[in-house]
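This is what each chain is made of:
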Amino acid sequence: IPFTARVHRRPFNQGGRVRSLRGNNSSAKLHHHQGHDPRSVEFHMNGFDFDDIEAELIASIPPEVVNRYQSRKSYKARPWPWYAHGKNFFRALGADFRTLDGVIEMLLNDVVFRCETFLPCGITKKRSIGARAIGDINNDPHLLEVSMERDTDDELGPGTGHVAIMLGLCLIRCHQIEEYICNSFLLGISKKQKAKYKTLDDLKKGWKRKTLGDMIKSTEEAWDIHEDVKIGLSLFVSMRNRIVHGISLDDEFDIRNQWGQKELVAFLYFFDIHSKIIRKAFRSSFYASIQFGIDNFKTPEKYTKNVFNKKQREEMGLFPHFFRLKEHEV
């Protein structure tokens, strides 16, 4: 959730600070301040009025990072106070980086930035996360009022903590297995499926758009699945559907009473063991899909030549044991 930063009107302490600045053009910038109002750069350089600018403290800049930054040629051309910039500068502050859907994101002290470049005006605050987001929510009186409300539906009674943790872990297991199936595009190479797509990339994208049920159906079109995996997969889908669709309030597994809790613990424990077998089968198909892409197309940039470690290669070797291409698909 994007939050508007609060203006810091109290006197500023000496020392380096990184601040997210928001003007009335909604662009967030980063600025180093040493005893100066961090809004002064926007005021002097960009013509904003002080009342139109807000500043939010993001992180302190350690002296060693300040010294390293000030030794750069670019600093001599643009000494502080000015915008701090450069990916290495933010990395030195402990920032993490990732790319989602072609967009570079930077995480610094629970603040996520969109980075078109790492130059001034190329960094925009997207949202707060973690503890900072919770703090922002609690600073909103309307949201805080709702969060403080107590409802009898929230009172599940004693003994529910460990059951809730088990339920959460099993839900994560469902996500893991579905992720492996979703990325096992090799399972979707039946002649019927290949006729729908022109390129491997089209096949991969089309495969990911399918529902879990459609993926399994398409897999069965092209592959003979080991009987144990086939039976186990049917049981996994059935149990997975119960976990995802309200098992905790089911009459048999009602988490609000001790009988139901014990029923649910036994169900989840069995699911945990059983799902490991299914996870191993589809993890092997995921690895085999990657290997197929490497063997038949150029290696993706994010992969090195030695994509798999010894354990992963052993698991990939299980793929032909679990899945055998049907004769009419060869």
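Structure first, text after, so check above.
Let us look at the structure shown here. Here the structure is a predicted model, which means the values were calculated and not measured.

## Quick look at the overall build of the protein chain
Across its full length, the protein chain carries 14 helices and nine strands. Looking at the protein chain as a whole, 41% of its 330 residues are labelled buried. Across the protein chain, contacts joining residues at least 24 apart in sequence account for 60% of those joining residues at least 6 apart. When the accessible area of the protein chain is evaluated, it comes to approximately 19,700 Å², of which 53% is carbon and sulfur surface.

## Some remarks on the packing of aromatic side chains
Overall, the coordinates contain 13 aromatic pairs when judged by the stated rule. The interplanar angle of 75 degrees and the centroid separation of 5.2 Å between the aromatic rings of Phe 89 and Phe 90 together place this pair among those described as edge-to-face. The exposure class assigned to Phe 89 is buried, which follows from its relative accessible area of 3%. For Phe 90, a relative accessible area of 0% gives the class buried. In this structure an aromatic cluster arises from ring pairing among Tyr 69, Tyr 75, Phe 89 and Phe 90. The side chain of Lys 87 reaches across the aromatic face of Phe 97, ending 4.8 Å from its centre.

## A word on the packing of helix 7 (residues 160–182) against helix 12 (residues 258–296)
Contact pair helix 7 / helix 12: the axes reach a minimum separation of 9 Å and the direction vectors enclose 20 degrees. With respect to each other, helix 7 and helix 12 are oriented roughly parallel. Handedness of the helix 7/helix 12 crossing: left-handed. Looking at the contact of helix 7 with helix 12 residue by residue, the class counts come to 16 nonpolar, five polar and five charged.

## Thoughts on the packing of helix 7 against helix 11 (residues 227–244)
Close contact between helix 7 and helix 11 brings their axes to 10 Å; oriented N to C, the two are set at 130 degrees. Overall, the two elements helix 7 and helix 11 adopt an arrangement that is oblique. The hand of the helix 7/helix 11 crossing is left-handed. Contact residues: helix 7 offers Leu 167, Cys 170, Leu 171, Cys 174, Ile 177 and Glu 178, while helix 11 offers Phe 236, Arg 240, Ile 243 and Val 244. For the contact of helix 7 with helix 11, a count of residues per class yields eight nonpolar, no polar and two charged.

## Re the side chain of Arg 279
Checked against the element boundaries, Arg 279 lands in helix 12. The side chain of Arg 279 sits in the buried core without any salt bridge; Asp 272 is the nearest counter-charge, 6.8 Å away. A polar contact is formed between the side chain of Arg 279 and the side chain of Gln 176, at a distance of 3.1 Å. Not counting chain neighbours up to four residues away, the residues in contact with Arg 279 comprise Arg 173, Gln 176, Ile 177 and Tyr 180.

## Remarks on helix 7
Here helix 7 contains 23 residues, and its C-alpha end-to-end distance of 33 Å stays within 8% of the 33 Å for a straight helix at 1.5 Å per residue. Listed as buried for helix 7 are Thr 160, Val 163, Leu 167, Cys 170, Arg 173, Cys 174, Ile 177, Tyr 180, Ile 181 and Cys 182.

## Considering the nonpolar core
Among the nonpolar cores identified, the biggest contains 45 residues, and Trp 223, Phe 282 and Phe 323 are the most heavily contacted of them. Of all the secondary structure elements, the ones that give two or more residues to this core are helix 7, helix 9 (200–208), helix 10 (212–222), strand 8 (223–225), helix 11, helix 12 and helix 14 (319–322). Ranked by residue count, the leading element in this core is helix 12, at twelve residues. By size, the runner-up hydrophobic cluster in this structure holds 23 residues, among which are Val 41, Tyr 75, Ala 84 and Phe 89.

## A closer look at the pattern of salt bridges
The full count for this structure, using the stated rule, is eleven salt bridges. Among the salt bridges present, the one from Glu 105 reaches Arg 98, with a minimum N-O distance of 3.0 Å. By relative accessible area, Arg 98 is classed as partly exposed at 44%. One salt bridge connects Asp 250 with Arg 242, and the closest N-O pair in it is separated by 3.5 Å. Linked through salt bridges whose partners overlap, the residues forming this network are Arg 98, Glu 105, Lys 126 and Arg 127.

Rules of the game
- Residues numbered from 1 in each chain as written.
- Predicted model: local features only at pLDDT ≥ 70, side-chain atom pairs only at ≥ 80, totals over all residues.
- Heavy atoms only, no water.
- Helix = DSSP H or I, 4+ residues; strand = E, 2+ residues; numbered from the N terminus.
- Buried < 20%, exposed > 50% of the residue type's maximum accessible area, 1.4 Å probe, protein only.
- Contact = heavy atoms within 4.5 Å.
- Areas by Shrake-Rupley, 256 points an atom, 1.4 Å probe, with all protein chains shown as cover.
- Phe/Tyr/Trp six-rings, centres within 6.5 Å; stacked < 30°, edge-to-face > 60°.
- Lys NZ or Arg CZ within 6 Å of the ring centre and 35° of its normal.
- Axes fitted to C-alpha atoms, helices over the stretch in contact; angles between N-to-C directions.
- Parallel < 35°, antiparallel > 145°, perpendicular 65-115°, else oblique.
- Left-handed = near helix turned anticlockwise from the far one by under 90°.
- Nonpolar A, V, L, I, M, F, W, Y, C, P; charged D, E, K, R; others polar.
- Lys, Arg positive; Asp, Glu negative; His and termini not counted.
- Salt bridge = Lys/Arg side-chain N within 4 Å of Asp/Glu carboxyl O.
- Polar contact = N/O pair within 3.5 Å; in protein donor to acceptor, adjacent residues only side chain to side chain.
- Expected span 1.5 Å × (residues − 1).
- Core = buried A, V, L, I, M, F, W, Y, C linked by side-chain atoms within 4.5 Å.

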